[in-house]
Amino acid sequence: ISVNNASNLHLRNSMLKIINEFIDIPQKNNCPYPQNLFVSRRPGSVRSIENIIAIEQIALDYGYHTIYLENMSVVEQLLAFYHSDKVLGLHGSGLVHTICMPKKSTLIEFTSHHLNTSFLNITDSCNIHYGYIMSQDLNSYRYRQRWSPVSSQFHLNPYLFQYACNKMVEQN
């Protein structure tokens, strides 16, 4: 285990201990949190998806419940991830709650135009499956020399999103 993996594993164990000691955790059969989550952002917020209505409909069609972390308390966020088996989400600090997901669960991360390996490292050290999809084809002329600030909106290809949903269904 690398130092990074060891520290992530220690953080996971510490977080789970805190959750179990200090938070009233609903049992799976009586849990208000869905097992399949799509972590979204409100239109117009930082790094939001410009075609979010279409994307959220696809998520719903595949049985994913859309959540907005900015509307939830930290405890609610932790519990939502703690009880989830599958999470589709936009790159951002909210996905750090992945560390509380059950082992063998799955995270698919969507990014605008670059890959940040933070969540790959977390999921790898916590025995959580990981995948990612970049929303822009960097080889296309349109994006070749375009600089896009991290905070800008981006277009998420609905076919790639549907592909990710299909892959999640295949895992069952």
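Structure: see above.
Since the model is a prediction, treat every value here as computed from it, not as a measurement.

Asks: Explanation requested: the nonpolar core in the structure shown.
Replies: When a protein is soluble and globular, its nonpolar side chains tend to lie buried together. Counting residues in hydrophobic clusters, the biggest one holds 24 residues, and the most contacted among them are Val 39, Ile 67, Phe 81 and Val 87. Counting only elements with at least two residues in this core, the list comes to helix H1 (3-22), strand S1 (36-40), helix H3 (74-82) and helix H4 (118-125). Of all the elements, H3 adds the most residues to this core, at four residues. With residues near it in sequence (within four places) discarded, Val 39 still touches Ile 67, Leu 69, Phe 81, Val 87, Leu 88, Gly 89, Leu 90 and Leu 95. Formed by 18 residues, the second largest nonpolar core is a distinct cluster that contains Ile 52, Ile 55, Ile 108 and Ala 164.

Asks: How should the pairing of S1 be read in this particular structure?
Replies: Regular strands place side chains that alternate from one sheet face to the opposite one. Most of S1 is tucked away, with four of its five residues classed as buried. Across four bridges, the pairing between S1 and strand S3 (residues 86-90) is parallel. Its bridge partner lying in S3, Asn 36 is registered against Lys 86. What joins S1 to strand S2 (residues 65-68) is helix H2 (residues 52-61), and the crossover it makes is right-handed.

Asks: Please explain the packing of H2 against helix H6 (residues 158-170) as it appears in this structure.
Replies: Any two packed helices are characterised by how steeply their axes cross, that is the angle between the axes, and by the distance between the axes. Running from N to C, H2 and H6 point in directions that differ by 20°, and their axes come no closer than 10 Å. By the angle between their axes, H2 is roughly parallel relative to H6. Crossing angle aside, the handedness with which H2 passes H6 is right-handed. Two secondary-structure elements touch here, H2 through Ile 55, Ile 58 and Ala 59 and H6 through Pro 158, Phe 161, Gln 162 and Cys 165. Classifying every residue of the contact of H2 with H6 by side-chain character gives six nonpolar, one polar and no charged.

How each quantity is defined
Residues numbered from 1 in each chain as written. Predicted model: local features only at pLDDT ≥ 70, side-chain atom pairs only at ≥ 80, totals over all residues. Heavy atoms only, no water. Core = buried A, V, L, I, M, F, W, Y, C linked by side-chain atoms within 4.5 Å. Buried < 20%, exposed > 50% of the residue type's maximum accessible area, 1.4 Å probe, protein only. Helix = DSSP H or I, 4+ residues; strand = E, 2+ residues; numbered from the N terminus. Contact = heavy atoms within 4.5 Å. Pairing = 2+ DSSP bridges. Right-handed = clockwise from strand over helix to strand, strands pointing away. Axes fitted to C-alpha atoms, helices over the stretch in contact; angles between N-to-C directions. Parallel < 35°, antiparallel > 145°, perpendicular 65-115°, else oblique. Left-handed = near helix turned anticlockwise from the far one by under 90°. Nonpolar A, V, L, I, M, F, W, Y, C, P; charged D, E, K, R; others polar.

Fair warning: the whole summary comes from geometry, so function is off the table for now.
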